[in-house]
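# Commentary on secondary and tertiary structure
What follows is each chain in one-letter form.
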Amino acid sequence: MSGHPAEIQAQLAARGVQHVYVDGGITIQGFLRAGLIQRLIVTRVPVLIGSGISLFGAVVRDIPLKHIATRQYPSGLVQSEYEVGI
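First, a word on scope: everything that follows refers to the structure included in this document. Owing to the predicted nature of the structure, the values given are computational and were not obtained by experimental measurement.

### A short note on the nonpolar core
One finds I8, L12, I28, F31, L32, I37, L40, V42 and V84 forming the largest nonpolar core, which totals nine residues. Secondary-structure elements contributing two or more residues to this core are helix 1 (5-14), helix 2 (25-33) and strand 1 (39-44). Broken down by element, the residue count for this core peaks at three residues, all from helix 2. When near neighbours in sequence (up to four residues on either side) are disregarded, L40 contacts F56, L65, S80, E81, Y82 and V84.

Put into structure tokens, the structure is as follows:
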């Protein structure tokens, strides 16, 4: 789908969709700015990257997160799940 996050959310809600998986830096940034992310899973791969683009880009305010769980995998990958504060 394409469009403004609020429009996408409204279209999906009209179809009865209650939960979606949002992926991609720019896409997530838009949904965060629109206040449409309730849960956030951050996956870390055990590689340090020297430079790059900020994962969530600039945000207009701090976004409080409540830690829900952290899982680690034999490959070294670590996932932390958070509830996004209001």
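Next, the rest of the story.
### Remarks on helix 1
All of the buried residues in helix 1 are P5, I8 and L12. Seen end-on, helix 1 carries its buried residues on one side only, within an arc spanning 60 degrees. Buried residues along helix 1 sit in contact with helix 2. G16 occupies a position one or two residues after helix 1 and carries a positive phi of about 90 degrees.

Rules behind the numbers
Residues numbered from 1 in each chain as written. Predicted model: local features only at pLDDT ≥ 70, side-chain atom pairs only at ≥ 80, totals over all residues. Heavy atoms only, no water. Core = buried A, V, L, I, M, F, W, Y, C linked by side-chain atoms within 4.5 Å. Buried < 20%, exposed > 50% of the residue type's maximum accessible area, 1.4 Å probe, protein only. Helix = DSSP H or I, 4+ residues; strand = E, 2+ residues; numbered from the N terminus. Contact = heavy atoms within 4.5 Å. Arc of directions from axis to C-beta.

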